[in-house]
Amino acid sequence: MNFDAAIQSYIAESRELLDTMEQSLMALENGEGDDDLIHAIFRAAHTIKGTGGIFGFDPIVHFTHDVESLLDRLRGGLLALDDNIVALLLRSCDHIRSLLEPVTAGEALDAELVEQGRALLGGLARYLGDGGGPERAAPADVPVPVEEPTAEPVGGGTASADHWHISLRFGRDVLRNGMDPLSFLRYLAQLGELVDVATLTDALPEPPEMDPESCYLGFEIGLRSGAEREQIEGAFEFVRDDCAIRILPPHSKVSEYIQLIQELPEDTVRLGEILVGSKALTQVELDWGLKLQVDEERVAAAGGAEHHRLLGEILVEEAVVPAKVVSAALDKQQQIKERKASENRFIRVEAEKLDQLVDLVGELVIAGANTQLLAHQAGAVEVIESAANLFRLVEELRNRALGLQMVQIGSTLQRFQRVVRDVGKELGKQVELFISGGETELDKSVIEQIGDPLMHLVRNALDHGIEPAAERLAKGKPEKARVELNAYHESGSIVIEVADDGRGLDRDKILAKAVSRGLVGPGQNLPDGEVYNLIFEPGFSTADSISNLSGRGVGMDVVRRNVEALRGHVQLHSQLGSGTKVRIRLPLTLAIIDGFLVGLGPARYVIPMDMLVECLEHSGEDRAKAIREGYLNVRGKVLPILRLSEVLGVETPKVRRESVVVVRFGELTAGLVVDELLGEFQTVIKPLGALFGHLAPIGGSTILGSGEVALIIDVPGLLRRVQQHQHSQHGQTVSRALAATA
């Protein structure tokens, strides 16, 4: 049997559970959780351990077992949660995460991982051992530990002793049937030690009414034995129908039953089956309980009563199973129900299969465009209508296929709760992270690649942006700093913001550093945005000291490079003393986009539709003036224009009429002068490959229905490149014009 798919599913599920544990621990640390969170963390650890045991992943099972033991003591009230335990459990989550890959791949653990595990086990042992751990010593301000159940058996007695308690009432006909009650007690003694036998005679009638052939005896028996419940019950097999028997487990057995219930495989949802599976209940007792439930239900229905006892209530009230064991079984039942409900809502699909599907849909889009082109060339109305209908369906299929690749960014952003916590503690800064827009959906391939740039930005904000507590208090700011992660849709793009309320960027300091490095000429006056953007230059840093987090000028240039590789753009806003906000604008998808086809001579180019504002006719008079001044007056506003042929460095024959395509990205707007407007076009993005990767401003290529190749214009790169070029050539005229149209 091939277990690869199941193992991959285990890895993915374990990571999700570890994320849940991590978030729950931090919520508890912040005082936001309750006992339910402890139980949820325990269940997550238990699932990782239990499923790992099925596959034989012993290193994970053994380590998680100790984590689980610590969590069990926390949820049992034997330990009080404090910062040290939270930190230890968070590091334990990290270690389990580190174990997943090598252990599931069957690889040997490296020495560093082994040593890390050994150190963590030592830390866990301090809380699990008999001494040295911070055991709950005084009940002054902590809840009293929960006591073991003391179910009342028939005739009194409890299950709190460390031996079985058997409550036995013989039926009246036992003697007539030839059975000797004492013989059962003697047989029972063979299973263990009879600790106590109390004979009950309260059922004896007055002598005149006594029948010498009837049995009126009852016994309360204490039995110290390692036998299972079924064995003890089997001792009374021949009188089972003629007597009432309640068998209560010893104190230690209750914990054992609960442990067994928690370790049961999650394929049973019936309460009775869970209890029988854990040996807390025998099949005979279950059948008796179910029969009683049916009888009571029938009586209740006949009498018009609304309520009758359920199986769990019967087992507890009739002292067959301790209440705590039934409660644990009900928890298990609920856990299984929730798991099955979740499994029924979602299915796991390998990412590679989704990629293949989107690739095929991309080829279908190209083939559909070719069909539509041929239909128009044929000129047959019926064929054109059929092709249009086909293309509509292809477009719908495209949208659905791309939707499958869209995932919410929330889980990616939540990871930074841990980063902010750990880095804040390392730096001695109190920082609170606020996350909004977690439900915003983004292409999974974009999400996979945006994590590192966000990590750089958050760590940079914590290290350089947020001031020490004393400095913040001196400035009148709250001691606890604020970092925000926000995601939202805007104009067909995704915007992710990283903001802090720290000290902000020092414009003069950045400019001085840029002048010293020759990036800016002395006396050159730059807009604030351009000055702030200098921090994205390779090796640029104004940090006074270098830490192990940041300060070497390595990171911000990587941020911009990674974002631009995703066809995105980074913008930065800052105010000295108030904080900094970094805005990352990303495309919704990297696979297929709606494009607008334009022509330059015989060549075809695609402009992304989400960046197209409008198209203008370029008349003769305006054309001459625009060429002379470099901009157009559009409804009273200045619109800088760029001849796309000049930007791309291609020569095209002069045409009688030209058009202007107005494009916008972020705060920059410009008009691109082209020869022809060819209309909307579904564009399947094909990478250019390493050989042509340096071409700018080209973001990729696509194949037209005719089989021709069209290049996709990288509008953000084009606007930025032209802005920089015009600034260096003509001062700030065009740069300001570009920004003025925002």
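Since this is a predicted model, take the numbers as computed values, not measurements.

Q: Could you give me a rundown of the overall build of the chain, with the residues and numbers involved?
A: Each helix and strand in the chain was counted, giving 24 helices and 21 strands. A separation threshold of at least 6 residues defines the contact pool for the chain, and within that pool the share at least 24 residues apart is 68%. Per element, the accessible surface of the chain, about 37600 Å² overall, is 52% carbon and sulfur.

Q: Describe the environment of Leu-668, naming the residues involved and giving the relevant values.
A: Here Leu-668 is to be found in strand 18 (residues 668-674). With a relative accessible area of 15%, Leu-668 lands in the buried category. With 51 residues separating them along the chain, Leu-668 and Leu-719 place their C-alpha atoms 7.0 Å apart.

Q: Before we move on, can you summarise the packing of aromatic side chains with the specific residues and values?
A: Evaluation of the coordinates by the stated rule reveals two aromatic pairs. Each ring, one from Phe-170 and one from Phe-219, has its centre 6.0 Å from the other, and the planes form 85°; the classification is edge-to-face. With a gap of 49 residues between them, Phe-170 in strand 1 (residues 164-170) and Phe-219 in strand 3 (residues 218-224) connect regions that are remote in the sequence. Against the face of Phe-42 rests Arg-75, its NZ or CZ located 3.7 Å from the ring centre. The lysine or arginine in question, Arg-482, covers the ring of Phe-434, its NZ or CZ lying 3.7 Å from the ring centre.

Q: Quick rundown of the nonpolar core? Include the residues and the values.
A: Ranked by size, the top nonpolar core spans 45 residues in total, and within it Ile-496, Ile-584 and Leu-586 carry the most contacts. Core analysis: the next-biggest nonpolar cluster, separate from the first, contains 38 residues, Leu-188, Val-254, Ile-274 and Ala-328 among them.

Q: Describe the pattern of salt bridges, and please don't skip the residues or the numbers.
A: In this structure the tally under the stated criterion is 39 salt bridges. Glu-676 is paired through a salt bridge with Arg-604; the nearest N and O atoms lie 3.8 Å apart. Here Glu-676 is found in strand 19 (residues 676-684), whereas its partner Arg-604 is found in strand 13 (residues 603-608), with 72 residues between them in sequence. Where Arg-635 meets Glu-614, a salt bridge forms, and the shortest distance between an N and an O atom there is 2.7 Å. Linking Arg-635 in the loop between strand 15 (631-634) and strand 16 (637-643) with Glu-614 in strand 14 (residues 612-618), this pair joins segments that are 21 residues apart in sequence. Three or more residues are tied together by salt bridges with common partners; here these are Asp-19, Glu-22, Glu-29, Asp-94, Arg-97, Arg-418, Arg-421 and Asp-422.

Q: Which residues make up the confidence of the model for the chain, and what values go with them?
A: With 86% of its residues at a pLDDT of 70 or more, the chain shows a mean pLDDT of 80. For the chain, helix 24 (residues 733-740) is the element with the lowest average pLDDT, namely 46, and strand 6 (residues 431-436) is the one with the highest, namely 92. Below a pLDDT of 50 lies the segment residues 130-160, which in the model reaches 63 contacts outside its immediate sequence neighbourhood of four places, other chains included. Predicted confidence for residues 730-742 stays below pLDDT 50, and this span has 26 contacts to residues more than four positions away or in other chains.

Rules used throughout
Residues numbered from 1 in each chain as written. Predicted model: local features only at pLDDT ≥ 70, side-chain atom pairs only at ≥ 80, totals over all residues. Heavy atoms only, no water. Helix = DSSP H or I, 4+ residues; strand = E, 2+ residues; numbered from the N terminus. Contact = heavy atoms within 4.5 Å. Areas by Shrake-Rupley, 256 points an atom, 1.4 Å probe, with all protein chains shown as cover. Buried < 20%, exposed > 50% of the residue type's maximum accessible area, 1.4 Å probe, protein only. Phe/Tyr/Trp six-rings, centres within 6.5 Å; stacked < 30°, edge-to-face > 60°. Lys NZ or Arg CZ within 6 Å of the ring centre and 35° of its normal. Core = buried A, V, L, I, M, F, W, Y, C linked by side-chain atoms within 4.5 Å. Salt bridge = Lys/Arg side-chain N within 4 Å of Asp/Glu carboxyl O. pLDDT = per-residue confidence, 0-100.

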